[in-house]
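So you can see what is in the structure, the chains are spelled out below.
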Amino acid sequence: MVRFKHRYLLCELVSDDPRCRLSLDDRVLSSLVRDTIARVHGTFGAAACSIGFAVRYLNAYTGIVLLRCRKEFYQLAWSALPFITYLENKGHRYPCFFNTLHVGGTIRTCQKFLIQYNRRQLLILLQNCTDEGKQH
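Below or above, wherever it landed, is the structure these notes cover. In this text, all values refer to a predicted model and were calculated from it rather than measured experimentally.

Analysis parameters
- Residues numbered from 1 in each chain as written.
- Predicted model: local features only at pLDDT ≥ 70, side-chain atom pairs only at ≥ 80, totals over all residues.
- Heavy atoms only, no water.
- Pairing = 2+ DSSP bridges.
- Helix = DSSP H or I, 4+ residues; strand = E, 2+ residues; numbered from the N terminus.
- Axes fitted to C-alpha atoms, helices over the stretch in contact; angles between N-to-C directions.
- Buried < 20%, exposed > 50% of the residue type's maximum accessible area, 1.4 Å probe, protein only.
- Contact = heavy atoms within 4.5 Å.
- Expected span 1.5 Å × (residues − 1).
- Bend = angle between axes of the 7 residues up to and from the residue.
- Salt bridge = Lys/Arg side-chain N within 4 Å of Asp/Glu carboxyl O.

1. Overview of the sheet that holds strand E6 (residues 97–104)
Thinking step 1. With antiparallel pairing, four strands are arranged side by side in an open sheet as E2-E3-E1-E6. Edge positions in the sheet fall to strand E2 (54–59) and E6, since each of these pairs with one other strand and no more. Pairs of neighbouring strands in the sheet enclose a mean axial angle of 25°, with direction left out of account.
Thinking step 2. Sheet topology places E2 next to strand E3 (residues 64–70); five bridges connect them, and they run antiparallel.

Rendered as structure tokens:
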């Protein structure tokens, strides 16, 4: 038996509108990424990335998304992410973009990176905080 190797893309959905993140759904996000891959890379890209592609983790409050795709074709999915400029859900269209934080071979490495990333972001927020009462 041969094991299929995957790559995990840890991304952050950045949007000015807070309703954009709260309206996230894994099916909507999956179809959005697949449609973008098909638009950018054509039918070959759509077929290559459709096998083994899945949204493994989605946090609507922080906007963190973990995408899984096959190792051979992860660069097709990765290169199509900058072309996503809006999220359309339930008749509403929200401007947004994806910020790729990390590409890993396992979910565990992505989790470790996410913990470090959140710590760094918290330290930045605490340093920018001017009110002493807000820091505690």
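So much for the structure itself; the text now carries on.
2. Focus on the environment of phenylalanine 97
Thinking step 1. Structurally, the position occupied by phenylalanine 97 is in strand E6.
Thinking step 2. Accessibility expressed as a relative area gives 46% for phenylalanine 97, which makes it partly exposed.
Thinking step 3. Between the C-alpha atoms of phenylalanine 97 and phenylalanine 83, which are 14 residues apart in sequence, the distance is 8.1 Å.
Thinking step 4. In this structure phenylalanine 97 touches Glu12, Leu13, Val14 and Ile84, once residues within four positions along its chain are discounted.

3. Observations regarding helix H2 (residues 26–50)
Thinking step 1. Here H2 spans only 15 Å end to end across 25 residues, well under the 36 Å set by a 1.5 Å rise per residue.
Thinking step 2. At histidine 41, H2 is bent by approximately 140°, the largest bend along its length.
Thinking step 3. When H2 is considered as a whole, its buried residues turn out to be Val28, Leu29, Ser30, Leu32, Val33, Thr36, Ile37, Gly45, Ala48 and Cys49.
Thinking step 4. Of the surrounding secondary structure, the elements contacted by the buried residues of H2 are E2, E3, helix H3 (74–80), strand E4 (86–89) and E6.
Thinking step 5. Within two residues after H2, glycine 52 carries a phi angle of roughly 80°, on the positive side.

4. Brief notes about the pairing of E4
Thinking step 1. The two faces of E4 differ: Leu87 and Asn89 on one face are buried, but Tyr86 and Glu88 on the other face are not.
Thinking step 2. As judged from the four bridges shared by E4 and strand E5 (residues 92–95), these two strands associate in the antiparallel manner. In the strand pairing of E5, glutamate 88 is matched with arginine 93.
Thinking step 3. Hairpin connection, E4 to E5: the antiparallel pair is bridged by two residues, and lysine 90 has positive phi, about 55°.

5. Overview of the pattern of salt bridges
Thinking step 1. The full count for this structure, using the stated rule, is two salt bridges.
Thinking step 2. When the shortest N-O distance is used, the salt bridge between arginine 19 and aspartate 17 registers 3.1 Å.
Thinking step 3. A salt bridge links arginine 70 to glutamate 72; its shortest N-O distance comes to 3.7 Å.

These results come straight from atomic positions and should not be treated as a statement about function.
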